[in-house]
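Working through the structure, step by step
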Amino acid sequence: MVVWDSGALTNPDVRHVDVDGALLQPDVRYEWSVDVRTAEGSASASSWFHRGLTHDDQWHGAQWIAGWSDGALLGSQRPAPVLLGRLNLTHAPEDDAARLYVAAGGHTAVRINGKDADLGAVVPGFTDYDVRVQYVAAHVGRLLRRGDNIVSLELGRGFYGPLARSTWDWHIAPWHGEPTARCMLVVDTTHGPTRLVTDDSWEVVDGGTLRDDPFAGEDYDAAADRTLWPESSERPERRRPAVVVAGPRGRLEHQRQQPQRVIDRIPPDRIERTAPDVLLAHYPRLVSGWVEVAPPGDQPSRLRLDYGERLTAARTPDNLDTHGYFDGRFQVDEVAFPAVAADNVRDWHPRFGYRGFSWVQVTGWPEERGAGLPAPEKLSALVVHNDVASRAEFTCSEPSLVELHALVRRTILVNLHDLPTDTPTYEKNGWTGDGMLGAEMMLRNFDTQQLLAKWLDDIADTTRHTGLPAVIAPHGGWRADWTPTPTWNAAFPLLAWWLRVYGGDDRPMLRHYDALLRHARLEHDRTDGGIATTTLGDWVSPEADPGGGNPPEDLRVAATAYVYRILRTVMRIALVLGRRDDARELSGRARDVRDAFRRTFVSATGAVRGADEETFRQTHQVLALRFGLVPRSLQARTAAGLAADVRARGDHLNTGALGTKYLLPVLSRHGYAREALSVAVNPTYPGWGHWLQHGATTLWEHWAPESRSRGHYFLGTVDDWLFEDVAGIRPASPGWRTFDVAPTLTHLLDHAAARLQTPLGDAAVSWYHEDRRVVLEVEVPVGAVARLRVPGADGRRLGPGRHRLELAGPSG
């Protein structure tokens, strides 16, 4: 039976079609098909989806349950509770005839009849639990059997219920409580659905995880893990009734982003023994995840694993908390194995958190006579992050740029943990400025549309009290006051806009329009005659402390530039959504800020300078040019001054995170591609080439080798330039309906190429030299148009298909 039909849609801008959700029933499988007719031919496709749960009553009485009531432990550490539910079936079902829905305050590891339910690693995702709580779902019929079935939910604290103090106040977040879960298992039978829901009939046993904390790590005792023993040996006196609790206050919603999973397994590339019972393992690149360890021998053992991104002077992993961010230890796991003859001994890895590391020290590994070092696979690193597919490829004739692109991709991935974190090691926070700077390269390189749409919801959640975004999202009530921060707050409108540009999706900005409008007005209202300020400027410029800090410059310049961009971006959103009165208002506000910026900071020579500045600041020029704040008559002089400063510094940048994103594109598009390339490949400090000279496998938080983090992406926005200027492909309208082909380095490199998956299909650009001419190859997907922005063919438009053009060779 057809429950919905879109009919024929002739609008060429249609990229997605929303189905009326009221027509669809919860927990029901629907099949769909689509037929497409274009000038290039016809196509059809079909598939299916299972409708999730959208209202509380669809959980059929499932309650939040826990191992103990909130407050009962008064902050003491207890073993992770394992909730046990039982369901008797007369027949074993097909896989898709049984669905499991699980929500949690914290995280849960789910097993059915002792087998992993394969929901992902560290699930569900982290949110503001007072607003939204994610649930995960899976088909699990293959794990069920005729007769008794046991569902076990082991609960981890995550950011819902950490006990140790952290500087971000997660331990006293408004939602803070004991880890809890809400679950429903639905099995289709000939007599209708049979359900198992969490309630007071469930039981609890203490699991083998004795401690878990997102920063401190986990402790595990295999001998104490009752869930590993056969059910027949489980003693009833070890079980106790589950406790029904109020649970998180937020509304339940399906986890829209791809789950975190174990993506790869990497053995150490070297192991050495630094003491009789101590091993030091190094991995070929920095990863996020954990180490899986096997029992070191046939006798009982206790191992301690210390993780770090680099080594201290004493050649131990650097997991020292020099800033006093946490109480207690940092990035440490401890595991106790009984004798290997025990039935429940198996390899172990953490379940409820991830570490950032390239070094691991293992203490307690016995030195057996004649045994030497353990096999590398006994200390494998398991790489964990959201399971996002790759969407882009880049290459060129300059090897260092190809290597830099690989580093960018690795660093993005190690920071995808249901939100874009700043580092997988030290903070694990969704800093809004960091995510804003990296969002375009995330959307370009990987299928992060839904992950970033989820994070946009997280940012919007932080505005509900004051109207202004917080500097981290989710936000647990961190008491530090960073305001004002328009430079970081700009993530809110820019991310909403980029989800439209790269994914062709208007829904996020429509969903948050009222909050976006309120935010834009507030940012303008907080200015002093159109001039803004910020506590977070062009963070980690070369002169700043390697531990983090602002540059020696007038912070009002960047702050005012970003207030202007906030206003202009929300104005564009208003126009798209048909809110013309709002758009006129925002245009006027933006004009006031632009005029104030020009009066205050732009000189008659075109130089952009703040008050009492002793040195020329590249970021001032870059932001003013990129955001359209320099009068057109002065732009050439501003760009010339920027290029001259780059040359005067020996082809070096002096930008922090804000300026670095736009430095090379601004230089390239104003006729200074040679300077841009020289900065990009310069092997000396400061710059990306300097990192490569020091053996970087991922990007650093600061230009200096003393940088705190070696897994930080926000200085890696050179990747934008690699695609948009080196290869020369950039979106020109939402969803890549139109894209520009504009390579700017054809006279400096031998070749470059890029390919991207767009909502319309693959788009690709490749150029190379042949017989003193530049050969340009362009692939345009059906429904798109490529606009050439190259000498000799400027303005030419290419329709769907593969095109090859020969252009005049470079002149210099």
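Residues numbered from 1 in each chain as written. Predicted model: local features only at pLDDT ≥ 70, side-chain atom pairs only at ≥ 80, totals over all residues. Heavy atoms only, no water.

1. Some details on the overall build of the protein
Condition: Helix numbers and strand numbers start at the N terminus; a helix is a DSSP run of H or I with at least 4 residues, a strand a run of E with at least 2. Radius of gyration here is computed from C-alpha atoms only, and the compact-globule reference equals 2.2 Å multiplied by the residue count raised to the power 0.38. Whether a residue is buried, partly exposed or exposed follows from its accessible area with a 1.4 Å probe, protein chains only, as a fraction of its type maximum: under 20%, in between, or over 50%, in that order.
Per the secondary structure count, the protein includes 15 helices and 33 strands. Expected size for 812 residues packed as a compact globule is a radius of gyration near 28 Å; at 28 Å, the protein falls within 12% of this value. With the C-alpha coordinates aligned to their principal axes, the bounding extent of the protein is approximately 85 × 70 × 60 Å. Residues counted as buried form 59% of the 812 residues belonging to the protein.

2. Points about the sheet that holds strand 6 (residues 107-112)
Filter applied, for reference: Whether two strands pair comes down to DSSP finding at least two bridges between them.
Overall, antiparallel pairing links the six strands, which are arranged 7-6-9-4-12-15 in an open sheet. Looking at strand neighbours, the two that pair on one side only are strand 7 (115-116) and strand 15 (240-241), the edges of this open sheet. The pairing of strand 6 with strand 9 (residues 147-156) spans six bridges and is classified as antiparallel. Within the sheet, the bridge partner assigned to I112 lies in strand 9 and is V151.

3. Quick look at the sheet that holds strand 32 (residues 797-798)
Taking strand neighbours across the sheet as the criterion, the four strands line up as 26-27-31-32 in an open arrangement whose pairing is mixed. Both outer strands of the open sheet, strand 26 (729-731) and strand 32, are each paired with one neighbouring strand and no more.

4. A word on the pattern of salt bridges
Let me state the cut-off plainly: Salt bridge criterion: a side-chain nitrogen from Lys or Arg within 4 Å of a carboxyl oxygen from Asp or Glu.
For the structure on display, the rule yields 66 salt bridges. Salt-bridge contacts for D188 lead to R99; the nearest nitrogen and oxygen are separated by 2.8 Å. Here the residue D188 occupies a position in strand 10 (residues 180-189), and R99 occupies one in strand 5 (residues 98-105), the gap between them amounting to 89 residues. Exposure remark for D188: the relative accessible area of 40% places this residue in the partly exposed category. Here D457 makes a salt bridge to R511, at a shortest N to O gap of 3.2 Å. Taken together, the residues D457 in helix 3 (residues 449-462) and R511 in helix 6 (residues 507-511) connect sequence positions 54 residues apart. Judged by its relative accessible area of 7%, D457 falls in the buried class.

5. Some points on the packing of aromatic side chains
Going by this rule: Only rings of Phe, Tyr and Trp enter the pairing, Trp through its six-membered ring, and a pair is recorded when the two centres are within 6.5 Å. The plane angle decides the type: under 30 degrees is stacked, over 60 is edge-to-face, the rest tilted. Only when the NZ of Lys or the CZ of Arg is both within 6 Å of the ring centre and within 35 degrees of the ring normal is a charge said to sit over the ring.
Enumeration over the complete set of coordinates arrives at 35 aromatic pairs. Between the aromatic rings of Y220 and W348, the centroid separation amounts to 5.5 Å while the plane-to-plane angle is 20°, which identifies the pairing as stacked. Taken as a pair, Y220 in strand 14 (residues 217-221) and W348 in the loop between strand 22 (332-337) and strand 23 (355-363) lie far apart in primary sequence, 128 residues in all. Assigned by exposure class, Y220 and W348 land together as buried. Grouped by ring-pair contacts, the aromatic residues F126, Y129, F159, Y160, W168, W170, W175, F215, Y325, F326, F330 and Y426 constitute a single cluster. The ring of W48 has R29 lying over it, and the distance from NZ or CZ to the ring centre is 4.2 Å.

6. As for the pairing of strand 31 (residues 785-788)
In the case of a regular strand, side chains alternate between the two sheet surfaces. Here strand 31 shows one buried face, formed by A786 and L788, and one open face, formed by V785 and R787. Here strand 27 (residues 738-741) pairs with strand 31 via four bridges, running parallel. Residue pairing in the sheet places D740 in a bridge with R787 of strand 31. In this structure, strand 31 lies alongside strand 32, joined through two bridges in antiparallel fashion. Directly across from R787, in strand 32, lies its bridge partner R797.

7. Observations regarding the environment of H803
Cut-off, in case you're wondering: What makes two residues a contact is simply this: any of their non-hydrogen atoms within 4.5 Å. Between N or O atoms, a polar contact is any pair within 3.5 Å; within protein, one atom must be a potential hydrogen donor and the other a potential acceptor, and residues adjacent in sequence are included only when both atoms are from side chains.
Looking at the element boundaries, H803 is found in strand 33 (residues 801-808). Note: C-alpha distance between H803 and L745 (58 residues apart in sequence) is 20 Å. In contact with H803, not counting residues within four places along its chain, are L776, E777, V778, V780 and L798. Here the side chain of H803 touches G799 through a polar contact of 2.7 Å, landing on its backbone oxygen.

8. Details of the side chain of T421
Residue position: T421 is located in the loop between helix 1 (399-414) and helix 2 (432-445). Among the polar contacts listed, one links the side chain of T421 to the side chain of N415, at a separation of 2.7 Å. Ignoring anything within four residues of it in the chain, the contact list for T421 reads Y354, N415, K428, N429 and Y713.

9. Digging into the packing of helix 12 (residues 657-669) against helix 13 (residues 673-681)
For any two helices packed against each other, one specifies the crossing angle of their axes together with the interaxial distance. Using the following cut-off: Simply put, an axis is a line fit to the C-alpha atoms, just over the touching stretch for a helix, and the angle between two N-to-C directions goes from 0 to 180 degrees. Here the angle decides the label: under 35 degrees means roughly parallel, over 145 means roughly antiparallel, 65 to 115 means roughly perpendicular, and every other value means oblique. For this classification, Asp, Glu, Lys and Arg are treated as charged, while Ala, Val, Leu, Ile, Met, Phe, Trp, Tyr, Cys and Pro are nonpolar and the rest, including Gly, are polar.
Direction vectors running N to C along helix 12 and helix 13 enclose 150°, while the axes themselves pass 7 Å from each other. The pairing of helix 12 with helix 13 is recorded here as roughly antiparallel in orientation. Facing helix 12, whose interface residues are L663, L664, L667 and S668, helix 13 presents A673, E675, A676, V679 and A680. Residues belonging to the contact of helix 12 with helix 13 are distributed by class as follows: seven nonpolar, one polar and one charged.

10. Considerations on the nonpolar core
Note the following rule: Grouping buried Ala, Val, Leu, Ile, Met, Phe, Trp, Tyr and Cys residues that are joined through side-chain atoms within 4.5 Å yields what is termed a nonpolar core.
Counting residues in hydrophobic clusters, the biggest one holds 167 residues, and the most contacted among them are Y562, L664, W721 and F739. Counting residues per element, this core draws most heavily on helix 8 (residues 555-576), which supplies 13 residues. For L664, the contacting residues outside a window of four places in its chain are A676, V679, A680, W688, V718 and W721.

11. Quick look at helix 12
Let me state the cut-off plainly: What we call the bend at a residue is the angle made by axes fitted to the seven residues finishing there and the seven residues starting there.
Most pronounced at L663, the bend in helix 12 amounts to some 35°, and the proline P665 follows within four residues. Taking burial as the measure, the 13 residues of helix 12 include twelve buried ones, the bulk of the element.

12. Observations concerning a nonpolar patch on the surface
Which entries qualify depends on this criterion: Patch criteria: residues need more than 30% relative accessible area and no salt bridge. Like-charged residues are merged within 9 Å; nonpolar side chains of Val, Leu, Ile, Met, Phe, Trp and Tyr are merged within 5 Å. Working definition of accessibility: Shrake-Rupley area with a 1.4 Å probe, residue cover restricted to the visible protein chains.
A cluster of nonpolar side chains, contributed by M1, V3, W4, L9, V14, V17, V19 and L23, occupies part of the molecular surface with about 720 Å² of accessible area. By the element assignment, L23 lies in the segment before strand 1 (29-38).

13. A closer look at the confidence of the model for the protein
Applied cut-off: Scored from 0 to 100, pLDDT records how confident the predictor is in each individual residue.
Confidence along the protein averages 94 in pLDDT terms, with 96% of residues attaining 70 or more. A low-confidence stretch, residues 229-233 stays under pLDDT 50, and its non-local contacts, those more than four residues away or across chains, total six contacts.

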